[in-house]
Amino acid sequence: MLMLSYLKRLAAVGAIAMVLFATARINAQNLTLEGQTGGFITPTAYVVLSKDHVFSYPAIGVHFVNASSVIGNVYTFSIEEGIANRAEFGYTRSVHTEGNSPAFSSLWDYSGMNVFNGKVVAVKDGQFGAWTPGIGAGFVVRTDDKFVSGALNEKLYGTLKSYTNEDVYVAATKTWLKPPVPFLLNFGFKMTNASIFGLGGQSTRFMGRLFGGLGIPIPLGHNLAAVPAIGFTQQPPNVVNLGAILFPPGSGAHIPTTMDYAVRVTQKDNPHFAFDIGIGHVAGVIGHTAVPTGVPNPPYVVIPIDLKANSVFGTGLSYRY
């Protein structure tokens, strides 16, 4: 009887392991908000799957972020191509609609920007042993970025300016699908001169920032898996031209670490689609500014610069042919 009980437990553990193993490719075709393979925002050390071909079938992605109170809504449309399971490159068009704040939404009153990306995987996940993480390096280039820095350049100096900003990053990613707890862990370092992925404008300098995330794959049945996840991205502390409107003079802005809490639903075996839904913490009060009153006393009032983006809703859909 004891032997039979032991064998039943062993079979149960084996069955769970087999079900979890079927999720091994759950992140291989899922695109971020900016188009790379990864989580909702952060890139991973995986690329678009190239199956039986050097070049993959394209992966496409559509994402939406509701930050309508001040920043405005963001829609992104991405296409990504993989090469030999070692590299990928792609393009994303970020489309923007104006927010609802009479005081501050004009800083984002522009149609959007272009986003180009590329990535190379130097070490595949598990290539040199079960615990070996995947290691990849990539870049992101955003062009025609007029948000915040460009808008303030026009208000301060009379000329609307479009900025180009870049990320260069390294990511290490490990998917572990064995009992007792399966997980996907991602950690990376990037050099960037973009604030809040370009939506916050141009950083005053190129600087190093950390990013990462943790997901727990859960089998759902019907060849589906859910991946509850949390991600973070540190942001540069200063933005070009923003200091000129902060009060008191010489004070700095408070740009917090971007956090995202999401659930991804995808296929466990040979995945072709992924659906993301979640909440992001972008920014609340980043500083204060003095606004003229038009009367002698008081000549101005100090108001908070509140982006009202502490809890923004986001969703996305990725599909690989």
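Below or above, wherever it landed, is the structure these notes cover. (Residues numbered from 1 in each chain as written. Predicted model: local features only at pLDDT ≥ 70, side-chain atom pairs only at ≥ 80, totals over all residues. Heavy atoms only, no water.)

**Some points on the overall build of the protein**
Summing up its helical and strand segments, the protein has 2 helices and 15 strands in all. The principal-axis extent of the C-alpha atoms belonging to the protein is close to 90 × 45 × 30 Å. Looking at the protein as a whole, 49% of its 321 residues are labelled buried. Partitioning the contacts of the protein with sequence separation of at least 6, the portion at a separation of at least 24 is 63%. (Helix = DSSP H or I, 4+ residues; strand = E, 2+ residues; numbered from the N terminus. Buried < 20%, exposed > 50% of the residue type's maximum accessible area, 1.4 Å probe, protein only. Contact = heavy atoms within 4.5 Å.)

**Brief notes about the pattern of salt bridges**
Per the stated rule, a full pass over the model turns up 7 salt bridges. Across the salt bridge formed by K146 and D144, the nearest N and O atoms sit 2.5 Å from each other. Among the salt bridges present, the one from K190 reaches D167, with a minimum N-O distance of 3.6 Å. Highlighted residues: K190 in strand β7 (residues 183-194) and D167 in strand β6 (residues 163-176), separated in sequence by 23 residues. Of the two residues examined, K190 and D167, each falls in the buried class. The network of salt bridges with shared partners includes E34, R142, D167 and K190. (Salt bridge = Lys/Arg side-chain N within 4 Å of Asp/Glu carboxyl O.)

**Observations regarding the environment of G294**
Locating G294 in the fold gives a position in the loop between β13 (283-292) and β14 (300-309). Considering only alpha carbons, one finds G294 and Y110, 184 residues apart in sequence, at a separation of 29 Å.

**Topic: the packing of aromatic side chains**
Summed over all chains, the structure comprises 6 aromatic pairs. With centroids separated by 5.0 Å and ring planes inclined at 40 degrees, the aromatic side chains of F64 and Y75 adopt a geometry described as tilted. Pair noted here: F64 is in strand β1 (residues 59-66) and Y75 is in strand β2 (residues 74-83), with a separation of 11 residues, a long-range link. Using a relative accessible area of 21% as the deciding quantity, one classes F64 as partly exposed. Summarising the aromatic geometry, the rings of W131 and W176 are spaced 4.1 Å apart at their centres and angled 15 degrees between planes, so their arrangement reads as stacked. Linking W131 in the loop between β4 (112-123) and β5 (134-145) with W176 in strand β6, this pair joins segments that are 45 residues apart in sequence. (Phe/Tyr/Trp six-rings, centres within 6.5 Å; stacked < 30°, edge-to-face > 60°.)

**Let's talk about the nonpolar core**
Core analysis: the biggest nonpolar cluster contains 32 residues, and W108, F147, L242, I286 and L307 have the highest contact counts within it. Elements represented by at least two residues in this core include exactly α2 (149-157), β13 and β14. For this core, the element with the most residues is β14, which contributes 3 residues. Leaving out residues up to four positions away in the same chain, L242 has contacts with L152, A253 and I286. Residues V115, V140, Y169 and F211 belong to the second largest nonpolar core, which totals 5 residues. (Core = buried A, V, L, I, M, F, W, Y, C linked by side-chain atoms within 4.5 Å.)

**Here we look at a nonpolar patch on the surface**
Together, V263, F275, I277, I279, F313 and L317 give the surface a local cluster of nonpolar side chains, amounting to about 460 Å² of exposed area. No other element matches the 3 residues that strand β12 (residues 273-281) contributes to the nonpolar patch. Residue position: L317 is located in strand β15 (residues 312-320). (Patch = residues over 30% accessible without salt bridge, like charges linked within 9 Å, V, L, I, M, F, W, Y side chains within 5 Å. Areas by Shrake-Rupley, 256 points an atom, 1.4 Å probe, with all protein chains shown as cover.)

**Things to note about unusual backbone geometry**
Here the bond from P179 into P180 is cis, since omega is 5 degrees, no more than 30 degrees from zero. Positionally, P180 belongs in the loop between β6 and β7. Geometrically, the link from N297 to P298 is a cis peptide bond, its omega value of 0 degrees lying close to zero. When you line up the elements, P298 lands in the loop between β13 and β14. At I196, a residue that is not glycine, the phi angle is positive and equals roughly 50 degrees. Mapped onto the secondary structure, I196 falls in the loop between β7 and β8 (202-215).

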